Amino acid sequence: MRFGAEMRRLREVAQLSQAAVASRLGCTQTQVSRLEKATRTPSRSDAERLDRLFASADGVSFTRMYQRIVARPGGPVWFRSWVEEVEPAARVLRSWDPLLIPGLLQTESYARYLFSRGPRITKEEAEQRVEARMQRQSILDRENPPMFLALIDEGVLRRRIGDPGLMQEQLHHLLETARRQAVSIQVVDSACVAGLAGAFMIAELADGEPDVVHADSPAQGQITTDSEVVASIWKRYEAIRLWAYPEHTSLKMIEEVKQEWT
């Protein structure tokens, strides 16, 4: 909020319109408006360009404010709201999963097995997480859902989660979900080394908003619009995609592995 308030104050002191600031930042007037209203998290490049534009007037450093924003434990509320804020606003969601079926494609049984085996988790907590995951998947049921392009490591199809019946149900669900026009599932050859760094998602938003990245970690996922991080994840995504089988081949592979789970 302080970032946005200082941005607006200095803009008005300099007698600049939002459109004029947008042209200097290389973004849209809507994006400038959202920064000032604190409904959009600034990127590192936003902060650096604002410092150059206002020449650190009154000792204000947008770069320092940006660093404090991203350094807060857990990040700001907007950073913690991937499910509430980012996914519902996305035009395209791209994901890479080297270990598990993506959350948006998991069956209730698959999700329940995963959550119930978490360290020191109660049955009630596990059920709450299952319910939240199922509710999250509702974005794919919308009249105008985002495109969801999922890359899944080949080994995931054979990684036993629960009993064989659960795995057969899960792979059947993948095949059924892949029938939707807005969903694409591709299996990635297990020899792909570029994907070993971990799972991630890229959200492509509307109205010229910058792409948002969610990168998994055992403790806490990182969510950022930082241009350097986003560019790095995009490069990794494209490197992984080169190892992906065509969609029709991928679905045939899923069907074949599904038959193995008997």
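Here is what the cut-offs are and how they apply
Residues numbered from 1 in each chain as written. Predicted model: local features only at pLDDT ≥ 70, side-chain atom pairs only at ≥ 80, totals over all residues. Heavy atoms only, no water. Helix = DSSP H or I, 4+ residues; strand = E, 2+ residues; numbered from the N terminus. Buried < 20%, exposed > 50% of the residue type's maximum accessible area, 1.4 Å probe, protein only. Contact = heavy atoms within 4.5 Å. Pairing = 2+ DSSP bridges. Axes fitted to C-alpha atoms, helices over the stretch in contact; angles between N-to-C directions. pLDDT = per-residue confidence, 0-100.

1. Description of the environment of Val193
Following the sequence through the fold, Val193 ends up in the loop between strand S3 (183-188) and strand S4 (200-205). When the C-alpha atoms of Val193 and Trp243 are compared, they prove to be 9.5 Å apart, with 50 residues separating the residues in sequence.

2. Concerning the environment of Arg2
The topology assignment puts Arg2 in helix H1 (residues 2-13). Exposure remark for Arg2: the relative accessible area of 49% places this residue in the partly exposed category. Separated by 121 residues in the primary sequence, Arg2 and Lys123 have C-alpha atoms spaced 41 Å apart. The contact partners of Arg2, leaving out residues within four places of it in the chain, are Met65 and Arg68.

3. Thoughts on the sheet that holds strand S5 (residues 212-215)
An order of S3-S2-S1-S4-S5-S6 is seen for the six strands of this open sheet, with the pairing classed as mixed. Edge strands, defined here as strands with exactly one partner in the open sheet, are S3 and strand S6 (222-224). Along the sheet, successive strands turn relative to each other by an average axial angle of 10°, direction set aside. Inspection of the sheet shows strand S1 (residues 90-97) paired to S4 by six bridges, in the antiparallel sense. Of the residues in S4, the one forming a bridge with Val92 is Glu204. Sitting on the sheet, helix H10 (residues 227-241) is in contact with S1, strand S2 (147-153), S3, S4, S5 and S6, with an inclination near 110° to S4.

4. A look at the confidence of the model for the protein chain
For the protein chain, per-residue confidence averages 88 on the pLDDT scale, and residues scoring 70 or more make up 93% of the total. Confidence over residues 73-80 falls short of pLDDT 50; this stretch has 17 contacts with residues more than four positions distant or in other chains.

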